[in-house]
Every structure is written in structure tokens, then in C-alpha cells.
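Chain by chain, the residues:
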Amino acid sequence: MNDEKVIGVAERPPDKNDRTWIVYGLFDPKVVDTNMIHARYIGVTSGSIKYRLSNHISEARRMVSVNTHRLNWVRSLLCNGVEPIIKEINRMYGHDWAEFERRHIREARSVGARLTNATDGGEGMPGHVTSEETKRKLSEALKGRQFSEETRRKLRDANRGR
């Protein structure tokens, strides 16, 4: 994937203080063409797209009680022994990532892409870094939790085969 040509390129070079944002698409591996019309999900990340793909797969496996269109689509691929293909569509530099994402979702829908995106984009918190204080507070709040035997069984069943 890394040697493939990026579909679009940002309009201006980065400033040294700018964050890099990557708009990516998830594609069905059964459809060889990664043209925008075949995109199933459009997202944005400030990290690596390889890491973001692993997050999508992990969410689909871990969040079994959540039934979004995207998660169900990823699960259907995983049940068939395949994973989505991720491809960088464009990148930008700066702060207006939300409009950047909305524009690409709009463009994909305009060419007929059957996206699993639940919204028009821009609602996430990409690049959010949890402070050490917040991590410490969460850790303290979760220490000593006791799970019922039923909950432990459900967790064991959900994690079996990982």
C-alpha cells in the first residue's frame, strides 16, 4: 500500500508548526479498484493510516454490542477472513481538519460511493492526547472493580480467539 500513489495532494507546503492530517478511505478488498466510488468509509487521522486501520479492526472485534454501519461492515469482512484496505486519499497541514474531512465525504457521496459513515464528518477528536493527570484519575477510578461471573464469562467469550 505504501508505494501506491496518493489520490490528492494538499494545496500548500507545511509550516513547521502545522500538524499533518491524512484523509483515508477504507475499501472492500473484493473490489480491486480503490477509486473513490468504491470507498466504504472516509476518515481523517493525524497518525499513521496503518495504525488507524488496526484501530478500526480492533473496534469491530472489541465493541460487539455497538452496531454502527461501519463496524458491521468491518465485522462482515473479518467473518469472511479478510480485512478492509486502507488508502491515503489526501493530506493537509494546519488546523481545519474537520472541513477537510467533510469535503472528502461530500465528494465521495457525490460520485455515488456507498459510504458507511454515519455523519457528514468533522465530529471526531483526532490528535487528542489524554493528559497524564486524566490517565491517573481514570486508573484510580477503575482500580478494584469486581466483575460478576456472568460479565467475566462474556469478556472471556468476546476475547477468545484474538
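Residues numbered from 1 in each chain as written. Predicted model: local features only at pLDDT ≥ 70, side-chain atom pairs only at ≥ 80, totals over all residues. Heavy atoms only, no water.

1. What about helix H1 (residues 49-62)?
Since the α-helix advances by 3.6 residues per turn, residues separated by three or four positions end up pointing in the same direction. Between its terminal C-alpha atoms H1 stretches 20 Å, which fits the 20 Å expected from 14 residues at 1.5 Å a residue. For H1, the complete set of buried residues consists of Ile49, Arg52, Leu53, His56, Ile57, Glu59 and Ala60. Angular distribution of buried residues about the axis of H1 spans 160°; they occupy a single face of the element. Along H1, exposed side chains directed more than 90 degrees from the buried face belong to Lys50 and Tyr51. Looking at the buried residues of H1, the elements they touch are strand E1 (20-27), strand E2 (39-45), helix H2 (69-79) and strand E3 (85-93). (Helix = DSSP H or I, 4+ residues; strand = E, 2+ residues; numbered from the N terminus. Expected span 1.5 Å × (residues − 1). Buried < 20%, exposed > 50% of the residue type's maximum accessible area, 1.4 Å probe, protein only. Arc of directions from axis to C-beta. Contact = heavy atoms within 4.5 Å.)

2. Comments concerning the pairing of E3
In terms of burial, E3 is largely enclosed, as seven of its nine residues are buried. Pairing analysis gives eight bridges linking E1 to E3, with the strands arranged antiparallel. Within E3, the residue paired with Tyr24 across the bridge is Glu88. (Pairing = 2+ DSSP bridges.)

3. Observations regarding the environment of Arg75
Here Arg75 shows up in helix H2. Among the residues examined, Arg75 registers a relative accessible area of 15% and is labelled buried. A C-alpha to C-alpha distance of 9.5 Å links Arg75 and Glu59, two positions 16 residues apart in sequence.

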